[in-house]
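What the coordinates show
Next come the chains, spelled out residue by residue.
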Amino acid sequence: MKISLIGGGSWGTTLAQVLTDNGHETLVYDINESAVNKINHGEHPFFSNHIEGIKATTNLKEALAFSDYLVLAVPTKFMRQSLKEINLNADRKLHFINVSKGIEPETLKRVSEIVDEEINPEWLGAYAVLTGPSHAEEVIERKLTVLTAASFTPWFAKSVQSLFSNQKYLRIYTSDDLIGCEVGGAIKNAIAIVSGMMTGYGLGENARAALITRGILEIVRVVVYMGGKKETAFGLTGIGDLIVTASSLNSRNFNAGLRIGQGIPVDQVLNESKMVVEGVRAIAAAKDLCRSSNIELPIIEVAYDVIFNHMTVEDAITILLTRELKAETIE
Ligand SMILES: NC(=O)C1=CN([C@@H]2O[C@H](COP(=O)(O)OP(=O)(O)OC[C@H]3O[C@@H](n4cnc5c(N)ncnc54)[C@H](O)[C@@H]3O)[C@@H](O)[C@H]2O)C=CC1
Ligand SMILES: O=C(CO)COP(=O)(O)O
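Rules of the game
- Residues numbered from 1 in each chain as written.
- Chains lettered and ligands numbered in written order.
- Predicted model: local features only at pLDDT ≥ 70, side-chain atom pairs only at ≥ 80, totals over all residues.
- Heavy atoms only, no water.
- Buried < 20%, exposed > 50% of the residue type's maximum accessible area, 1.4 Å probe, protein only.
- Helix = DSSP H or I, 4+ residues; strand = E, 2+ residues; numbered from the N terminus.
- Arc of directions from axis to C-beta.
- Contact = heavy atoms within 4.5 Å.
- Polar contact = N/O pair within 3.5 Å; in protein donor to acceptor, adjacent residues only side chain to side chain.
- UniProt positions renumbered as here; feature names shortened; annotations may be inferred.
- Pairing = 2+ DSSP bridges.
- Axes fitted to C-alpha atoms, helices over the stretch in contact; angles between N-to-C directions.
- Domains from an automatic or database assignment.
- Buried area = accessible area lost by both parts, 1.4 Å probe.
- Salt bridge = Lys/Arg side-chain N within 4 Å of Asp/Glu carboxyl O.
- Near = heavy atom within 4 Å.
- Areas by Shrake-Rupley, 256 points an atom, 1.4 Å probe, with all protein chains shown as cover.
- Nonpolar A, V, L, I, M, F, W, Y, C, P; charged D, E, K, R; others polar.

What follows concerns helix α2 (residues 33-40). Within the span of α2, buried status applies to Ala35, Val36 and Ile39. Seen from one end, α2 has its buried residues packed into an arc of 100 degrees, which puts them on one side. Residues of α2 that are buried make contact with α1 (10-21), β2 (25-29) and β3 (55-57). Between the side-chain oxygen at the start of α2 and the backbone nitrogen of Ser34 there is a gap of 2.9 Å, and the oxygen is on Asn32. Note on α2: the residue one or two positions beyond its end, Gly42, has a positive phi of about 80 degrees.

UniProt annotation of "binding site: NADPH" (unreviewed entry) refers to Ser10, Trp11, Lys101, Ala136, Arg252, Val276 and Glu278 when read in the numbering used here. Mapping Arg252 onto the fold places it in helix α12 (residues 252-261). We classify Arg252 as buried; its relative accessible area is 19%. Positionally, Val276 belongs in the loop between α13 (266-272) and α14 (279-292). Each residue touching Val276, except ones within four places of it in the same chain, is listed here: Pro75 and Arg252.

Quick look at the pairing of strand β8 (residues 124-131) now. The side chains of a regular strand alternate, residue by residue, between the two faces of the sheet. Counting buried positions along β8 gives 7 out of 8 residues, so the element sits mostly inside the fold. Note that strand β5 (residues 94-98) and β8 share 4 bridges and pair parallel. By the bridge assignment for β8, Phe96 is matched with Tyr127. Where β8 meets strand β9 (residues 145-150), 3 bridges bridge the pair, whose relative direction is antiparallel. Across the sheet, the residue bridging to Val129 is Ala150, located in β9.

Further remarks concern the sheet that holds β2. Overall, mixed pairing links the 8 strands, which are arranged β3-β2-β1-β4-β5-β8-β9-β10 in an open sheet. Pairing within the sheet leaves two strands with one partner each, and these edge strands are β3 and β10 (170-175). Sheet twist, expressed as the mean angle between neighbouring strand axes with direction ignored, is 25 degrees. Across 3 bridges, the pairing between strand β1 (residues 2-6) and strand β4 (residues 69-72) is parallel. Paired with Ser4 across the bridge in β4 is Leu70.

Domain parsing of the protein yields domain 1 (2-176) and domain 2 (185-322). Using C-alpha coordinates to define each centre, domain 1 is positioned 25 Å away from domain 2. Across the boundary between the two partners, domain 1 contributes 25 residues, which contact 26 residues of domain 2. Of the roughly 2100 Å² buried between domain 1 and domain 2 on both sides combined, carbon and sulfur atoms contribute 62%. Viewed at the interface, domain 2 and domain 1 are joined by 4 salt bridges. A salt bridge links Lys101 to Asp241; the shortest N-O distance between them is 2.7 Å. Counting every contact that joins domain 1 to domain 2 gives 5 residue pairs in polar contact (both at pLDDT 80 or more).

In the vicinity of ligand 2, the contacting residues are Lys101, Gly132, Pro133, Ser134, His135, Lys188, Asp241, Thr245, Asn250, Ser251, Arg252 and Asn253. Within the side chain of Lys101, one N or O atom sits 2.7 Å away from an oxygen atom of ligand 2. For ligand 2, an oxygen atom lies 2.8 Å from a polar atom in the side chain of Lys188. Out of a free accessible area of 310 Å², ligand 2 has 91% covered by protein chains. Counting residues per element, the ones that place at least two in the shell around ligand 2 are α11 (236-246) and α12. Considered class by class, the residues forming the shell around ligand 2 number 1 nonpolar, 7 polar and 4 charged. Counting residues domain by domain, the shell around ligand 2 receives three or more from each of domain 1 (2-176) and domain 2 (185-322).

Here we come to the side chain of His24. Looking at the secondary structure, you find His24 in the loop between α1 and β2. Overall, the relative accessible area of 15% leaves His24 in the buried class. A polar contact is formed between the side chain of His24 and the backbone oxygen of Leu163, at a distance of 3.5 Å. Beyond its immediate sequence surroundings of up to four residues, His24 is in contact with Met1, Ile3, Leu19 and Leu163.

Pasting the structure below:
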């Protein structure tokens, strides 16, 4: 098959390599000319790995003419604008596979909802999210990875499953819980930033295990509040992705938190990150949910104060430790 990828960053280019490995033809669209040139010269724009058989363009019309299947791989901050441009240039039904992880803080919308709002029903075909524990740094080296393709449209979840699965290093499960998968993938980034902060501040593995355990419960609460299934949060797209992101130096979110925990000012950390740190917007979105609902997200609330209100990591930890003592609840 032919598949176009919108966004040729760390993840978009890596997934183009997966699809090429699987025998498909790919065309990557990116607004960054230097990234496009690198891809056309067989270089990954963000890693030192060579890539093979992938073409790239800065011309959106060319990418839309190439395929009816679009992989959406731009950071969620640019997603709405990118979809507006796709809608303006579309001339037939398109099927969307979103691989970005975030919730729009201004609207609390998931990517599938943004697609529904921005793409004219005439051009809107099927939609799926492909998500789970997957650092691009490992996938580009063809290290074993397992993901989930979720859609309200069963044939499309299966179609995404067979496009991306191979018997060498990538296995895809399907799910019908689109909401749970989208929300889990977004909120785990918030907890991953906190994990980095704690590590940067000097806490150890005991603290990280506690954070992952209590953090997944905050993810469950947001998933359920937004209409997803609790069980989904205990699968690849929730706990699986949280484990990999909250404990790896490959994670942009963990790394940003690490530097904040070491005392580097938040603005400096975010300005110096060459790649997207999605968790900052996830923290803002989840904090807003807290304000407008009665869900309890103590970890995300202190993370918000560290990122947006100059609270120190030390004070954030003190706030968590001095909460009222109570029985352990797993919900
Ligand atoms: N890097 C990773 O390991 C993984 C990333 N993701 C998610 O994938 C999404 C993208 O992340 P990365 O690839 O890491 O980001 P990145 O920062 O490496 O690359 C983003 C790319 O998008 C391009 N871009 C920005 N606006 C655009 C537009 N309007 N049209 C076309 N291209 C545009 C940029 O030029 C850049 O090349 C994020 O939501 C991230 O959470 C998901 C799984 C793994
Ligand atoms: O989503 C990811 C791994 O599954 C990538 O996480 P980071 O954006 O923190 O690198």
